[in-house]
Amino acid sequence: MGSGEADEIDAAIRGVLHDILGISHERLAGFTDSTPLFGALPELDSMAVAGLLTEIEDRLGVIIDDDEVDGEMLESFGNLVAFAREKALG
Amino acid sequence: MSDLPAAWRSYEWRGGRERIAEIGANGPVILFLAPFFEEANRTRHLLIETMRALGRQGYRCVLPDMPGTLESLTPLDSLDWHDWTGAAAAAAAVTGAAHAVSFRGGALLDGAVDVETRWRMAPAEGSALLRDLVRIRLAADREDGGAATAAEVEAQALSAPFEVAGYRIAPGFIRALKAATTTDSAPLRVARLSTDAQPADIKLPGQPLWRRSEPEHDPVLSESIAADIADWIKTCANG
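For the structure given in this document, a descriptive report is provided here. Everything numeric here is computed off the predicted structure, so don't read it as measured data. (Residues numbered from 1 in each chain as written. Chains lettered and ligands numbered in written order. Predicted model: local features only at pLDDT ≥ 70, side-chain atom pairs only at ≥ 80, totals over all residues. Heavy atoms only, no water.)

1. Examining the overall build of chain A
Consideration 1: A count of helical and extended segments in chain A gives 4 helices and 0 strands.
Consideration 2: Along its sequence from the N terminus, chain A presents helices and strands in the succession α-α-α-α.
Consideration 3: Relative to its length of 90 residues, chain A is compact, with a C-alpha radius of gyration of 12 Å against a globular reference of 12 Å.
Consideration 4: Counting only C-alpha atoms and orienting by the principal axes, one finds that chain A spans roughly 35 × 30 × 20 Å.
Consideration 5: Looking at chain A residue by residue over its 90 residues, the buried ones come to 51%.
Consideration 6: Considering only contacts within chain A whose residues lie at least 6 apart along the sequence, 60% involve residues at least 24 apart.
Consideration 7: Total accessible area computed for chain A in this model is approximately 4,100 Å², and 51% of it derives from carbon and sulfur atoms.
Consideration 8: Measuring between centres, the 5 positive side-chain charges of chain A sit 5 Å from its 20 negative side-chain charges. (Helix = DSSP H or I, 4+ residues; strand = E, 2+ residues; numbered from the N terminus. Rg over C-alpha atoms; globule rule 2.2 N^0.38 Å. Buried < 20%, exposed > 50% of the residue type's maximum accessible area, 1.4 Å probe, protein only. Contact = heavy atoms within 4.5 Å. Areas by Shrake-Rupley, 256 points an atom, 1.4 Å probe, with all protein chains shown as cover. Lys, Arg positive; Asp, Glu negative; His and termini not counted. Charge placed at Lys NZ, Arg CZ, Asp CG, Glu CD.)

2. Topic: the pattern of salt bridges
Consideration 1: Scanning all chains against the criterion turns up 29 salt bridges over all chains.
Consideration 2: Here A:D58 ties to B:R211 by a salt bridge, and the two come within 3.1 Å at their closest N and O atoms. A residue pair is termed interchain when its members come from two chains, as with A:D58 in helix α3 (residues 46-60) and B:R211 in the loop between β10 (202-204) and α6 (219-237).
Consideration 3: Note on B:R211: relative accessible area 5%, which makes it buried.
Consideration 4: Taking the shortest distance from any N to any O, the salt bridge between B:R14 and B:D83 comes out at 3.4 Å. Here B:R14, found in the loop between β1 (6-13) and β2 (16-23), pairs with B:D83, found in helix α2 (residues 81-95); they are 69 residues apart in sequence, far enough to count as distant.
Consideration 5: What makes B:D83 buried here is its relative accessible area of 7%.
Consideration 6: By sharing partners, the salt bridges in this structure join A:D19, A:E55, A:D58, A:R59 and B:R211 into a single network. (Salt bridge = Lys/Arg side-chain N within 4 Å of Asp/Glu carboxyl O.)

3. Overview of the nonpolar core
Residue and element names in this part refer to chain B.
Consideration 1: By size, the foremost hydrophobic cluster in this structure holds 43 residues, and its most contacted members are F36, F37, W81, W84 and I169.
Consideration 2: Elements supplying a minimum of two residues to this core: β1, β3 (29-33), α2, α3 (126-143), α4 (150-157), β7 (162-164), β8 (167-169) and α5 (171-179).
Consideration 3: Counting residues domain by domain, this core receives three or more from each of domain 1 (6-125 + 182-233) and domain 2 (126-179).
Consideration 4: For I169, the contacting residues outside a window of four places in its chain are F37, L76, L133, A160, P161, F162, V164 and I174.
Consideration 5: With 30 residues, the next largest nonpolar core counts I30, A53, L209 and W232 among its residues. (Core = buried A, V, L, I, M, F, W, Y, C linked by side-chain atoms within 4.5 Å. Domains from an automatic or database assignment.)

4. What to know about the packing of aromatic side chains
Residue and element names in this part refer to chain B.
Consideration 1: In this structure the tally under the stated criterion is 10 aromatic pairs over all chains.
Consideration 2: Seen in terms of ring centroids, F37 and W84 are 5.6 Å apart; in terms of plane orientation they differ by 35°. Their pairing is tilted. With a gap of 47 residues between them, F37 in the loop between β3 and α1 (38-56) and W84 in helix α2 connect regions that are remote in the sequence. W84 carries the same exposure label as F37, and that label is buried.
Consideration 3: Between the aromatic rings of W81 and F173, the centroid separation amounts to 5.5 Å while the plane-to-plane angle is 80°, which identifies the pairing as edge-to-face. With W81 in helix α2 and F173 in helix α5, this residue pair connects regions lying 92 residues apart in the sequence.
Consideration 4: By the ring-pair criterion, three or more aromatic residues cluster together here, those being F36, F37, W81, W84, Y167 and F173. (Phe/Tyr/Trp six-rings, centres within 6.5 Å; stacked < 30°, edge-to-face > 60°.)

5. Concerning the packing of α1(B) against α6(B)
Residues and elements named next belong to chain B.
Consideration 1: Direction vectors running N to C along α1 and α6 enclose 45°, while the axes themselves pass 9 Å from each other. Accordingly, the angle class assigned to the pair α1 and α6 is oblique. Two packed elements cross with a definite hand, and for α1 against α6 that hand is right-handed. The residues of α6 that touch α1, namely those facing L46, E49, T50, A53, L54 and R56, are L221, S222, E223, I225, A226, I229 and A230.
Consideration 2: Split into classes, the residues belonging to the contact of α1 with α6 amount to 8 nonpolar, 2 polar and 3 charged. (Axes fitted to C-alpha atoms, helices over the stretch in contact; angles between N-to-C directions. Parallel < 35°, antiparallel > 145°, perpendicular 65-115°, else oblique. Left-handed = near helix turned anticlockwise from the far one by under 90°. Nonpolar A, V, L, I, M, F, W, Y, C, P; charged D, E, K, R; others polar.)

6. Re the environment of B:A191
All names here are of chain B.
Consideration 1: Turning to its location among the elements, A191 is positioned in strand β9 (residues 188-193).
Consideration 2: We classify A191 as buried; its relative accessible area is 0%.
Consideration 3: In this structure the C-alpha to C-alpha distance between A191 and I225, which are 34 residues apart in sequence, comes to 8.4 Å.
Consideration 4: What A191 contacts, discounting residues up to four positions off in sequence, is W119, R120, M121, A122, P123, A200, I202 and L204.

Dropping the structure here:
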């Protein structure tokens, strides 16, 4: 995979967090791979997870198997981006 | 910017009456078909503002409540899919709709109405909408410590009333929703958000309000949707 494509996935996930959870661009600019998500972001409750996953599918043109979704994938921003990269770029 | 008021009308359906919101007093009638279930609540503001923008351009916009939702007195779990296609057709007939504008799942109903043109925003197939419902239910179950798989939740939804996000949906409805697909009846125009990877006739910048966890409005999106609908109807009229 090219790093350009990998950067696009990072940007797409930031876009999803902004559009679905309403997290400001200023806050998102401070997100790094180790920024905790599920359990740490009040906006990300279990109902919001459903919209988040479906939006990632629409933007990246991928299908996410719900049985692959676990706490680890949503533990940090880096884990979520890594999961999306694996899905989109293989 | 004038704020056109909404008037309340109704259509008769299966012996009862369902509500119609109407904006714009005169002109060709545009039937709005809303997204389904929770997505309808999240996009109501967007739809009403789009109707206002088209009302200012001389259209009469009508938005029916689907039976079993919003102000309807009919229990949702007593309904089958054909009740919704029938309700959409009844609302179109009583209002004299010439054009259909649908959002998300509403696009699954526009094939059932007799109109001259169809315009769709981010149309979704029934199988994708069912996956969303299963996903919402899975998220809620996991919060309660449940460990069912997506396949198990879907199998339950297909065999017994499915409770999800405050709704209770009959298995027959779920089976038909899963099989429901959009029709290709021309003239047809499909719009999607510029972030959506799927093909469309036009991509519009904006946020997927139907997935926002907190309801939001996007005035730029409603204005660009209304402008494209008006252009499309004029293009079709000029043949």
